[in-house]
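Each chain is listed here by its residues.
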Amino acid sequence: MKEKVLIVEDNPLNMRVIEMTLKAENYILLEASDGEEALEMAMRERPDLILMDIRLPGMSGLEVARKLRETLAFSHTTIIGLTAYAMKGDREKVIESGCDAYLSKPFHPRELRGMIAEMLSQRQKDNP
Ligand code: MN
């Protein structure tokens, strides 16, 4: 079965870049451009993995991650936090919010693809 990847990103250009990066992979891609939409989409679609931009208008990606972790259905969903212009302490904040991993933008397409594939295969091992 195809795995569902939810991309949460408010910048249309970044969204397009991530889409293009993952296009050839065998995933169902879902998109949300703010926190509210991300939560709604997650509830409805139950994605296997969420790529979470941290800087979003309104609710931040950190808040969205925290809210998801409070919900039993999402206690084990893989979440990768994405930040631009990473600053000292960002990684810690992202992991503290409940994200499983962290990637700073700009990233190499191969890096993103590799991280997603690895985390999804890890997930299958944990929950066969
Ligand atoms: Mn953003």
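For the structure given in this document, a descriptive report is provided here. (Residues numbered from 1 in each chain as written. Predicted model: local features only at pLDDT ≥ 70, side-chain atom pairs only at ≥ 80, totals over all residues. Heavy atoms only, no water.)

Some words on the pairing of strand β1 (residues 3-8)
Burial analysis of β1 places five of its six residues in the buried class, which makes it a mostly covered element. Here six bridges tie β1 to strand β2 (residues 27-32), and the two strands are oriented parallel to one another. Following the sheet pairing, L6 is matched in β2 by L30. Judged from the four bridges that link them, β1 and strand β3 (residues 49-53) form a sheet pairing that is parallel. Of the residues in β3, the one forming a bridge with L6 is I50. (Buried < 20%, exposed > 50% of the residue type's maximum accessible area, 1.4 Å probe, protein only. Helix = DSSP H or I, 4+ residues; strand = E, 2+ residues; numbered from the N terminus. Pairing = 2+ DSSP bridges.)

Observations concerning the nonpolar core
Membership of the largest hydrophobic core comes to 22 residues, with the highest contact counts inside it found for L6, V8, I50, M52, V64, L68 and I79. Counting residues per element, the ones that place at least two in this core are β1, β2, α2 (35-45), β3 and α3 (61-70). Here V64 is in contact with G35, A38, L39, M52 and M59, once residues within four sequence places are set aside. I18, L22, A101 and L103 belong to the second largest nonpolar core, which has 17 residues in total. (Core = buried A, V, L, I, M, F, W, Y, C linked by side-chain atoms within 4.5 Å. Contact = heavy atoms within 4.5 Å.)

A closer look at the coordination of the manganese ion
Around the manganese ion, the protein contributes the donor atoms D10 (OD), D53 (OD) and R55 (O), at 2.1 to 2.2 Å from the metal centre. On the basis of relative accessibility, which here comes to 3%, the residue D53 falls in the buried class. (Donors = N, O, S within 2.8 Å, 3.2 Å for Na, K, Ca; no water.)

What to know about helix α5 (residues 109-126)
In an α-helix, one turn spans 3.6 residues, which is why side chains three or four residues apart end up on the same side. Given a rise of 1.5 Å per residue, 18 residues ought to cover 26 Å, and the 26 Å separating the end C-alpha atoms of α5 matches this to within 8%. Taken as a whole, α5 has its buried residues at L112, I116, M119 and L120. Looking straight down α5, one finds its buried side chains confined to an arc of 100°; they lie on one side. Away from its buried face, by an angle of more than 90 degrees, α5 presents the exposed residues R110, E118 and K125. (Expected span 1.5 Å × (residues − 1). Arc of directions from axis to C-beta.)

What about the pattern of salt bridges?
Applying the stated rule across the entire model yields six salt bridges. Between E19 and R16 there is a salt bridge, and its shortest N-O distance comes to 2.9 Å. In this pair, E19 and R16 both sit in helix α1 (residues 12-22), three residues apart, roughly one turn of the helix. Via salt bridges that share partners, E9, D53 and K105 belong to a single interconnected network. (Salt bridge = Lys/Arg side-chain N within 4 Å of Asp/Glu carboxyl O.)

Some points on the side chain of S97
Along the chain, the position of S97 falls in the loop between α4 (90-96) and β5 (101-105). Assessed through its relative accessible area of 2%, S97 is described here as buried. Setting aside chain neighbours within four positions, we find S97 in contact with L62, A65, R66 and R69.

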